[in-house]
Structure formats: C-alpha cells, structure tokens
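Fold and contact review
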Amino acid sequence: MKILFDYIDRVLTGLMARYGISLLRYSIGLIFIWFGALKFVPGLSPAQELATSTIDLLTFGVIPLQTSLIMLATLEVGIGLLLISGRWLRLTILLLMFQMVGTMTPVVLFPELVFTSFPYGLTMEGQYIFKNFVVISAALVIGATARGGLLVNEPERVLA
C-alpha cells in the first residue's frame with residue numbers, strides 16, 4: 001500500500017510542480033482581466049466608487065473620476081493579459097504590485113468603509129481588499145520563477 005501511495009504522491013506532486021505556476025498565472029490573470037473589464041462599464045464594478053474615491057484622494061483631484069477609472073481598468077486588463085501571456089513577467093509583477101498598493105490604501109484612507117469593527121470586522125469592501133493578500137502572495141511565487149526558477153517535486157535530486 002505504501003508503494004502505491006508513494007507512486008500516486010510522486011505523480012500528483014510532479015503534476016503540481018509542472019503546471020502549478022502556469023495555472024496560477026492564468027487564474028490571477030483572468031481575475032485581473034475580469035475585474036478590470038467591469039470598470040470599463042460605468043456602474044458595473046462593485047469597487048468603482050471606492051477605486052475612484054481612492055484615486056481622487058491620492059491624485060488631489062487632478063485626474064477626472066471617469067478618466068481615472070478607465071486608466072485603472074486598462075492597467076488591470078493589461079496586467080491580466082501579461083500574466084496570461086507569460087511575457088515580461090518582471091514588469092508585470094512590478095505593475096501588479098503598484099496596483100496592489102493602490103488597492104490597499106483604502107485601509108488607511110477610508111477605514112470606515114473597510115471595517116465594521118476595527119481591526120477584525122470587515123465590510124464587503126474590506127473583504128474585497130484583504131483577499132488581495134492572496135494575489136500578492138501569488139505574484140511573489142510567480143515572480144520567483146520569472147528568471148527561470150522552477151518548482152520541483154523532488155528537491156533531493158536538485159540538491160544532489
């Protein structure tokens with residue numbers, strides 16, 4: 001039984017190591033395309049008001065709200081397309097982290113919109129923001145492979 005378990009474990013771990021990073025890129029890329037595309041249609045994105053309020057405050061009102069929303073939508077869709085393509089990953093991760101900083105700023109700028117009870121009770125907007133810690137972690141893993149790094153299912157072979 002142990003031999004069968006070890007065999008299945010090696011096969012599954014090998015599949016995860018081989019395809020995991022690509023699937024991570026595709027899934028995060030799809031999220032960026034989807035959420036970004038929603039922002040092209042006024043009123044369709046549930047994050048629209050929070051996003052424009054944040055950008056308006058950060059840019060001191062210099063950028064008109066509709067323009068800022070189109071710029072954000074373009075950035076997000078672009079990040080998604082780049083993630084899916086797998087090209088220019090270092091640039092893509094940089095853009096993604098820049099976008100994530102903007103996404104996280106409402107925690108400081110608008111805590112009343114993020115928390116129902118600080119620091120643990122989150123509003124729907126707060127949940128939307130805090131799920132980005134997973135996106136940031138995924139970007140770090142993807143970024144670790146940008147220069148040819150790989151996941152391996154048998155590290156003892158690599159270290160030998």
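Heads up: these notes are all about the structure in this document. Residue positions are counted from 1 within each chain, in the order its sequence is given. Local features in a predicted model are, by the rule used here, given only for residues with pLDDT of at least 70; side-chain atom pairs are given and counted only at 80 or more, and totals for whole chains, interfaces and linings are based on all residues. Hydrogen atoms and water are omitted, and side-chain values are computed over all heavy atoms in the structure.

We now examine the packing of helix H1 (residues 2-38) against helix H4 (residues 89-104). A packed helix pair is summarised by two numbers, namely the angle formed by the two axes and the spacing between the axes. At a minimum axis distance of 13 Å, the contact between H1 and H4 shows a crossing angle of 45°. One element, H1, and the other, H4, form an angle in the oblique class. Of the two possible hands of crossing, H1 and H4 adopt the one that is left-handed. For the pair formed by H1 and H4, the contact residues are Arg25, Ile28 and Phe32 on the first element and Leu89, Leu96, Gln99 and Met100 on the second. Any residue outside Ala, Val, Leu, Ile, Met, Phe, Trp, Tyr, Cys, Pro, Asp, Glu, Lys and Arg is labelled polar, Gly included; the first ten of those are nonpolar and the last four are charged. Of the residues in the contact of H1 with H4, the class split is 5 nonpolar, 1 polar and 1 charged. Axis lines are fitted through C-alpha atoms, for helices just across the contact stretch, and the angle between N-to-C directions can take any value from 0 to 180 degrees. Helix and strand assignments follow DSSP, with helices taken as H or I runs no shorter than four residues and strands as E runs no shorter than two, numbered in order from the N terminus. With respect to orientation, any angle under 35 degrees is reported as roughly parallel, any angle over 145 as roughly antiparallel, any angle of 65 to 115 as roughly perpendicular, and every other angle as oblique. Each crossing gets its handedness from the near helix: less than a right angle anticlockwise from the far helix is left-handed, clockwise is right-handed. When checking whether two residues touch, look at their non-hydrogen atoms; a contact exists if any pair is within 4.5 Å.

What follows covers the packing of aromatic side chains. The description of an aromatic ring pair rests on the distance of the ring centres and on the angle between the ring planes. Two aromatic rings, drawn from Phe, Tyr or Trp (for Trp, its six-membered ring), form a pair once their centres lie within 6.5 Å of each other, and the interplanar angle then sorts them: stacked below 30 degrees, edge-to-face above 60, tilted otherwise. Under the criterion given, the structure shown has 4 aromatic pairs. With a centroid separation of 5.7 Å and an interplanar angle of 20°, the aromatic rings of Phe35 and Tyr128 are classed as stacked. Of this pair, Phe35 sits in helix H1 while Tyr128 sits in helix H7 (residues 124-130), placing them 93 residues apart in sequence. In this scheme, a residue with accessible area under 20% of its type's maximum is buried, one over 50% is exposed, and one in between is partly exposed, where area comes from a 1.4 Å probe on protein chains only. Residue Phe35 is classed as partly exposed on the basis of its relative accessible area of 26%. Relative to Phe118, the ring of Phe115 has its centre 5.0 Å away and its plane inclined at 80°; by these criteria the two rings are edge-to-face. Judged by its relative accessible area of 11%, Phe115 falls in the buried class. A residue is classified by how much of its surface remains accessible, and Phe118, at 63% relative accessible area, is exposed. One aromatic cluster is present, built from ring pairs that chain together Phe115, Phe118, Phe130 and Phe133. The ring of Trp88 has Arg87 lying over it, and the distance from NZ or CZ to the ring centre is 4.9 Å. Only when the NZ of Lys or the CZ of Arg is both within 6 Å of the ring centre and within 35 degrees of the ring normal is a charge said to sit over the ring. In this structure, Lys131 packs its charged tip against the face of Tyr128, placed 4.7 Å from the ring centre.

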